[in-house]
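Here's the letter readout for the chains.
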There are 2 protein chains.
Amino acid sequence: MSKFDEIMKKSGYSKATVSRVINHSPHVSDEARQKITDIMKQLNYIPNRNAVSLSTGQTKQIGIVTSATNEIILTFMNQFIDTAMDFGFQTLIYTSRGDKEIELQAFEDLRSKRVDGLVIMTCVNHPDKLKAYCEYGPIVSWQRMGNDEIPSVAMDQAQGYRLALEHLVSKGYTRIANAFGRAESLNTQSRREAYESFMVDNGLPVLREAYQYSIFSSSDGEEAMRRMASGSDLPQAVLCSNDYAAIGIWSEARKQNIRVPEQLAIVGFDDIELSRVLGITTIHNPIAEQATQAFHRLWAVLGKQELQAQQLEFQLIERSTT
Amino acid sequence: MSKFDEIMKKSGYSKATVSRVINHSPHVSDEARQKITDIMKQLNYIPNRNAVSLSTGQTKQIGIVTSATNEIILTFMNQFIDTAMDFGFQTLIYTSRGDKEIELQAFEDLRSKRVDGLVIMTCVNHPDKLKAYCEYGPIVSWQRMGNDEIPSVAMDQAQGYRLALEHLVSKGYTRIANAFGRAESLNTQSRREAYESFMVDNGLPVLREAYQYSIFSSSDGEEAMRRMASGSDLPQAVLCSNDYAAIGIWSEARKQNIRVPEQLAIVGFDDIELSRVLGITTIHNPIAEQATQAFHRLWAVLGKQELQAQQLEFQLIERSTT
DNA sequence: TTGTACGCGTTATCAC
DNA sequence: GTGATAACGCGTACAA
């Protein structure tokens, strides 16, 4: 016999009344509430969440889909977990490590009602394949998916990139190289377009031959720096896909006795804690706020209640690498 | 009508047989299996996990309890999530931010059968309070809890610390300072004792007045360095609670024009990726292996099957700060 | 305010 | 091999 049944019997009340007390329904006499509450405490009762979930059809769990975790993803996750908790939701992490099958598991979990909703940080499956899952629950993406079915909380990358470009040019740097992330990503495309149009508009050289792609980690940054150093002429500045890449470039530059920023200015992206410590100039990315917005988007569906969203913006943080 | 019922009706078989096919029971005729499988595919069927969990009493979910997340915790979490997935388990993250009530939520979730087991990374509630939850499911801790009810996968901190001390002494550094973590933690105690006995055994000075506590982040490290620099005489070397602290100290030392390692040697702890990039000498901590062991401990209970555990050891990684 | 009856979707224990 | 039937623990119309 379950504790629920015990409470029923001991209190003399019915299932429904016990359930009402558990869920703080106002339509219960003080006497009943008191009696049942006492017995609940005495029995150290706590509802079985599986039973609740089965009955209500809601698990109060939300999944975050990512291929890997770094400080950026982490900042997002932490804020998301916090916000979700304020609304009574818990968060599951799905790390796919780039495996399509594993990633799909998260979406299947939406179908099988293990989670009520999903947030996509990174995604290796084709957007079209994911459309089929939209009917099973709300899905929101961090980056743009190039897919209108799945809304995103992505920001205008071009705005951030222009901030960096304006800063560099105002400091007198004109030969500007780029260490991009994933070549095909919409983020990279936006940034590249921002760069090219900005340089053209200002009559500055577009260093296409200096484009480097897939520069994510500090190790990637090191290699990128080595390639730059081995080239015929060093650019005056380099814009990085993120701060890790910037730190790698900065570190390797030091080893090669290239003075920063005199010989090479470096601008990171995202503004992680270490770039503050190491003094890397960067573009502040309001990650936490995006996480909050991501949950609010889900809540709009789950709670059937729209929350107003504020417009977020990037911000230049000038430190000692420019 | 649920899809399960649809399958029943369309196939003409009973609940039980359908369930057998779903769970790959061998006691089903090929004909029945074929027919039911076809209909399942046709209906795009997937079992409702809440119903399964309610019926079996297992959620196949495990919670990780932590107060915050950094690269170390992350390394552990990632490996744990991976290992757990290999065994068909999913992982929930409970970040308490040091709030006892929030942390307790994780343990209540064990009680309410939302998770089958729990891993404690850090814990702010008193160990005695947690003992009460052991009856609801397996709990394993990363660090030692000072509580025999809750097993841990903690390593011998003293062994790792001695590695660093031997290395420093062999390099000729004898005036060695310490930047510890949480003063009351068992880890810190072990390390401090290792330091004191090692120094005494080797006839070297024990710099008690140079003990610094609560040095966790790179910011903490910066401040620790400033305090050291403002003191009467600089130690020759400093042992850090982790690599973040080491990086902070290293960075601030550079700003103060203190040459590393000539004027000050620095040894980190844990061996995160950045200490490789920045060239910080450190003690490699086999975090991922500890995560695997943590899951195996839980699996010993959940799967009723013991897995052998190998003895793990710290390792010195010499780089350019010593 | 309270109780009845049914539903949630699946597993498990028996029989046959 | 297959099929009733009873759990699993709780929510919720609807009626009283």
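For clarity, every value in this text was computed on a predicted model and none was experimentally measured. (Residues numbered from 1 in each chain as written. Chains lettered and ligands numbered in written order. Predicted model: local features only at pLDDT ≥ 70, side-chain atom pairs only at ≥ 80, totals over all residues. Heavy atoms only, no water.)

### Things to note about the overall build of chain A
(1) Moving on: Broken down by element type, chain A carries 13 helices and 9 strands.
(2) Moving on: Computed over C-alpha atoms, the radius of gyration of chain A comes to 26 Å, more than 25% over the 20 Å expected from 2.2 N^0.38 for 322 residues, which places it beyond the range of a compact globule.
(3) Moving on: In terms of overall dimensions, chain A has a C-alpha envelope of 90 × 40 × 35 Å along the principal axes.
(4) Moving on: A separation of at least 24 residues holds for 66% of the contacts in chain A among residues at least 6 apart in sequence.
(5) Moving on: Surface exposure of chain A reaches about 14400 Å², of which carbon and sulfur atoms provide 46%.
(6) Moving on: Each charge class in chain A can be summarised by its mean position, and for the 34 positive and 39 negative side chains these summaries are 6 Å apart. (Helix = DSSP H or I, 4+ residues; strand = E, 2+ residues; numbered from the N terminus. Rg over C-alpha atoms; globule rule 2.2 N^0.38 Å. Contact = heavy atoms within 4.5 Å. Areas by Shrake-Rupley, 256 points an atom, 1.4 Å probe, with all protein chains shown as cover. Lys, Arg positive; Asp, Glu negative; His and termini not counted. Charge placed at Lys NZ, Arg CZ, Asp CG, Glu CD.)

### Overview of the protein's contact with DNA strand C
(1) Moving on: In the vicinity of DNA strand C there are 26 residues, among which Arg20(A), Ser29(A), Phe4(B), Tyr45(B) and Ser55(B) approach most closely.
(2) Moving on: In this structure, a base nitrogen belonging to DNA strand C sits 3.2 Å away from a side-chain N or O atom of Ser55(A).
(3) Moving on: Contacts to DNA strand C include Asn48(B), whose backbone N or O atom sits 2.8 Å from a phosphate oxygen.
(4) Moving on: Those elements that place two or more of their residues in the surface near DNA strand C are helix 2 (15–22) and helix 4 (49–56) of chain A together with helix 2 (15–22) and helix 4 (49–56) of chain B. (Near = heavy atom within 4 Å. Polar contact = N/O pair within 3.5 Å; in protein donor to acceptor, adjacent residues only side chain to side chain.)

### Remarks on the protein's contact with DNA strand D
(1) Moving on: Taken together, 26 residues lie around DNA strand D, and Phe4(A), Lys15(A), Tyr45(A), Ser55(A) and Arg20(B) are the ones closest in.
(2) Moving on: Put simply, 63% of the atoms of DNA strand D that lie within 4 Å of the protein are in sugar or phosphate.
(3) Moving on: Contact between DNA strand D and Ser14(B): a phosphate oxygen at 3.1 Å from a main-chain N or O atom of the residue.
(4) Moving on: Within the contact set of DNA strand D, a phosphate oxygen lies 2.8 Å away from a side-chain nitrogen or oxygen of Ser29(B).
(5) Moving on: Residue contributions to the surface near DNA strand D peak at 4 residues, all from helix 4 of chain A.
(6) Moving on: Here the surface near DNA strand D is composed, by residue class, of 12 nonpolar, 12 polar and 2 charged. (Nonpolar A, V, L, I, M, F, W, Y, C, P; charged D, E, K, R; others polar.)

### Side note on the interface of chain B and chain A
(1) Moving on: Contacts between the two partners involve 51 residues from chain B, matched on the other side by 51 residues from chain A.
(2) Moving on: If you sort the residues of chain B by the area they bury against chain A, Asn50(B), Arg114(B) and Val277(B) come out on top, with a joint share of 14%.
(3) Moving on: Along the contact surface separating chain B from chain A lie 6 salt bridges.
(4) Moving on: Residue Arg49(A) is joined to Asp109(B) by a salt bridge in which the shortest nitrogen-to-oxygen separation is 3.4 Å.
(5) Moving on: Between chain B and chain A we count 32 residue pairs in polar contact (both at pLDDT 80 or more) in total.
(6) Moving on: Counting residues per element, the ones that place at least two in the side of chain B that touches chain A are helix 4, helix 5 (71–86), strand 2 (90–95), helix 6 (100–111), helix 10 (218–230), helix 11 (243–255) and helix 12 (273–278) of chain B. (Buried area = accessible area lost by both parts, 1.4 Å probe. Salt bridge = Lys/Arg side-chain N within 4 Å of Asp/Glu carboxyl O.)

### Remarks on helix 10 of chain B
For an α-helix the count is 3.6 residues per turn, leaving residues at separations of three or four pointing the same way.
(1) Moving on: Spanning 13 residues, helix 10 of chain B covers 18 Å between terminal C-alpha atoms, matching the ideal 18 Å at 1.5 Å per step.
(2) Moving on: Those residues of helix 10 of chain B lying buried are Ser218(B), Ser219(B), Asp220(B), Gly221(B), Glu222(B), Ala224(B), Met225(B) and Met228(B).
(3) Moving on: Among the structural elements, helix 12 (273–278) of chain A together with strand 5 (176–179), strand 6 (237–240) and helix 11 of chain B are those in contact with the buried residues of helix 10 of chain B. (Expected span 1.5 Å × (residues − 1). Buried < 20%, exposed > 50% of the residue type's maximum accessible area, 1.4 Å probe, protein only.)

### Some details on the sheet that holds strand 6 (residues 237–240) of chain A
Residue and element names in this part refer to chain A.
(1) Moving on: An order of 5-6-7 is seen for the 3 strands of this open sheet, with the pairing classed as parallel. Here the strands that pair on one side only, and so sit at the sheet edges, are strand 5 (176–179) and strand 7 (265–267). Sheet twist, expressed as the average angle between the axes of neighbouring strands with direction ignored, equals 20°.
(2) Moving on: As paired strands, strand 6 and strand 7 are joined by 3 bridges and run parallel to one another. (Pairing = 2+ DSSP bridges. Axes fitted to C-alpha atoms, helices over the stretch in contact; angles between N-to-C directions.)

### Concerning the domain arrangement of chain A
(1) Moving on: Under the domain assignment, chain A is made up of domain 1 (3–55), domain 2 (60–155 + 287–312) and domain 3 (157–284).
(2) Moving on: One C-alpha centre belongs to domain 1 of chain A, the other to domain 2 of chain A; they are set 34 Å apart. (Domains from an automatic or database assignment.)

### Side note on unusual backbone geometry
Excluding glycine, residues mostly carry a negative phi; peptide bonds, for their part, are mostly trans.
(1) Moving on: Here the bond from Val260(A) into Pro261(A) is cis, since omega is 5°, no more than 30 degrees from zero.
(2) Moving on: Turning to its location among the elements, Pro261(A) is positioned in the loop between helix 11 (243–255) and strand 7.
(3) Moving on: A positive phi is found at Asp270(A), a non-glycine position, where the angle reads about 115°.
(4) Moving on: Judged by relative accessible area, Asp270(A) falls into the buried class, the value being 10%.
(5) Moving on: Residues other than glycine seldom take positive phi values, yet Lys113(B) does so here, at roughly 65°.

### Here's the deal with the sheet that holds strand 6 of chain B
All names here are of chain B.
(1) Moving on: Taken in spatial order, the 3 strands of this open sheet run 5-6-7, and their pairing is parallel. In this open sheet, the two edge strands, each paired with only one partner strand, are strand 5 and strand 7 (265–267). When the angles between neighbouring strand axes are averaged without regard to direction, this sheet yields 20°.
(2) Moving on: Running over the sheet, helix 11 touches strand 5, strand 6 and strand 7 and is turned about 150° from strand 6.

### Focus on the pairing of strand 2 (residues 90–95) of chain A
Residues and elements named next belong to chain A.
(1) Moving on: For strand 2, the buried fraction is high: 6 of the 6 residues fall into the buried class.
(2) Moving on: As paired strands, strand 1 (residues 61–66) and strand 2 are joined by 6 bridges and run parallel to one another. By the bridge assignment for strand 2, Gln 61 is matched with Gln 90.

### Topic: the packing of helix 8 (residues 157–170) of chain B against helix 9 (residues 186–201) of chain B
Residue and element names in this part refer to chain B.
(1) Moving on: Taken N-terminus to C-terminus, the directions of helix 8 and helix 9 make an angle of 40°; their axes are 8 Å apart at the nearest point. Put simply, helix 8 runs oblique to helix 9. Crossing of helix 8 against helix 9: the hand is right-handed. In this structure, helix 8 uses Gln 157, Ala 158, Tyr 161, Arg 162, Leu 165, Glu 166 and Val 169 to contact helix 9, whose residues at the interface are Asn 187, Ser 190, Arg 191, Ala 194, Tyr 195, Phe 198 and Met 199.
(2) Moving on: Taken together, the residues of the contact of helix 8 with helix 9 break down into 8 nonpolar, 3 polar and 3 charged. (Parallel < 35°, antiparallel > 145°, perpendicular 65-115°, else oblique. Left-handed = near helix turned anticlockwise from the far one by under 90°.)

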